[in-house]
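Examining the three-dimensional arrangement
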There are 2 protein chains.
Amino acid sequence: MIGSDILKVDMFLNHQIDVKLLNDIGKEFRRVFSGIRPDKILTIEASGIGIACIAAQYFDNIPVVFAKKGAHRNVGSNLYYSDVFSYTKGVTCTIGVSKDYLHAGEKILIIDDFLAKGGAVLGLKDIIEQAGAQLCGVGIVIEKGFQDGGEKLRRMGINVQSLAVVQSMRDGKISFGKGSR
Amino acid sequence: MIGSDILKVDMFLNHQIDVKLLNDIGKEFRRVFSGIRPDKILTIEASGIGIACIAAQYFDNIPVVFAKKGAHRNVGSNLYYSDVFSYTKGVTCTIGVSKDYLHAGEKILIIDDFLAKGGAVLGLKDIIEQAGAQLCGVGIVIEKGFQDGGEKLRRMGINVQSLAVVQSMRDGKISFGKGSR
């Protein structure tokens, strides 16, 4: 934990990766999304990729597409773009997905490591809509319940499932609250 | 294929990811490295991560560590650094790995999507040596056999195993040569 709002999960999620844990996470995503049949998983580089690839194995090995960060808007390029503001880093980043890998009518499941203010999910949702595809769910490993992203997305009618919800991080202690289920 | 030396594998490897193929790749890495027992897999973001995570499942779920690109050298920081020149992009990039996740005596298997001039592998090898760990093998999905990285690394005595070796890319045709086995 760094300060009161940055949670450091380098040890198992986004620098060193605990592959066995990712398998448990993948199984749990399959369970909480048992009612949906996505065609693809969409995530965002870098730390979403491992989670999404392992999870895809529990969704009949559907393809994973990852949005690239730091994309540059080029006229005539073959990408869908969206701008995402990172509160952690204090910068806006353009993300891009090739038009070749998202198609009208496809059902897309977003998977990512963190949900805080919801910026990354809204950017991915924007790209899904540009493609004419359909967002069918958002699977998050750790939601920061004391920030408003989860509430904002659920109010929009999005099926957001977070495996862990952190309710507060104060004085070196992390409190977990109930998830969205 | 773009020009005569950039091979575009966006469709299955580094933008959209074919998870079933990654499983076949993981199994094949296990087979070609049947003689070694690595403690960890080291890769580099972003496209190495999915390959490494799926492959780790065939190596008893050992942890995956990925080097981060665009690291900034800070005095007193807790990272091992190395500089990698990308011939594809024409820029030097500093990669970093936390000192918490590589330790003296550990046996490390490097896994990456491409091998061309060998810059990324040499940067990762440098970091492994800074940690006092031991490089026990390099697993590559696609080696560009017409560039000198593979030969350079093998001459250094490194156990490099490439699942596919591209011998030439001319006039829109890709020729595969024999691998290192």
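Structure report, in brief. Since the model is a prediction, treat every value here as computed from it, not as a measurement.

On to the packing of aromatic side chains, then. Enumeration according to the criterion identifies two aromatic pairs over all chains in this entry. Of note, A:Lys144 hangs over the ring of A:Phe114, and the distance from its end group to the ring centre comes to 5.6 Å.

Attention now goes to the interface of chain B and chain A. The interface is formed by 30 residues belonging to chain B together with 30 residues belonging to chain A. Both sides of the chain B and chain A interface together cover about 2,500 Å² of buried area, and 62% of this is carbon and sulfur. When residues of chain B are sorted by the area they lose upon contact with chain A, B:His15, B:Gln16 and B:Tyr101 head the list and together hold 27% of the total. Counting every contact that joins chain B to chain A gives zero salt bridges. At the junction of chain B with chain A, the criterion picks out 15 residue pairs in polar contact (both at pLDDT 80 or more). Only helix H1 (10-14), strand E1 (16-17), helix H2 (19-32), helix H3 (47-56), strand E3 (64-69) and strand E5 (91-98) of chain B provide two or more residues apiece to the side of chain B that touches chain A. Grouping the constituent residues of the side of chain B that touches chain A by class yields 16 nonpolar, nine polar and five charged. Two elements, strand E1 (residues 16-17) of chain A and E3(B), share two bridges in a ladder whose sense is antiparallel. Paired with A:Gln16 across the bridge in E3(B) is B:Val65.

Before going further, it helps to spend a moment on the relation of the copies chain B and chain A. In screw terms, the move from chain B to chain A is a rotation of 180° and a rise of 0.0 Å along the axis, fitting with an RMSD of 0.0 Å. Both chain copies can therefore be described as sitting about a two-fold axis. Most of the interface of chain B is mirrored in chain A, where 100% of its interface residues are also at the interface.

All names here are of chain A. For helix H2 (residues 19-32), built from 14 residues, the straight-helix expectation of 20 Å at 1.5 Å per residue is met to within 8% by its first-to-last C-alpha distance of 20 Å. Three or more residues of H2 are buried, namely Val19, Leu22, Asn23, Ile25, Gly26, Phe29, Arg30 and Val32. Residue Asp18 occupies the N-cap position of H2, its side-chain oxygen lying 3.2 Å from the main-chain nitrogen of Lys20.

What counts as what
Residues numbered from 1 in each chain as written. Chains lettered and ligands numbered in written order. Predicted model: local features only at pLDDT ≥ 70, side-chain atom pairs only at ≥ 80, totals over all residues. Heavy atoms only, no water. Phe/Tyr/Trp six-rings, centres within 6.5 Å; stacked < 30°, edge-to-face > 60°. Lys NZ or Arg CZ within 6 Å of the ring centre and 35° of its normal. Contact = heavy atoms within 4.5 Å. Buried area = accessible area lost by both parts, 1.4 Å probe. Salt bridge = Lys/Arg side-chain N within 4 Å of Asp/Glu carboxyl O. Polar contact = N/O pair within 3.5 Å; in protein donor to acceptor, adjacent residues only side chain to side chain. Helix = DSSP H or I, 4+ residues; strand = E, 2+ residues; numbered from the N terminus. Nonpolar A, V, L, I, M, F, W, Y, C, P; charged D, E, K, R; others polar. Pairing = 2+ DSSP bridges. Least-squares fit on C-alpha atoms with pLDDT ≥ 70 in both. Expected span 1.5 Å × (residues − 1). Buried < 20%, exposed > 50% of the residue type's maximum accessible area, 1.4 Å probe, protein only.

Take it as geometry only, folks, not as evidence of what the structure does.
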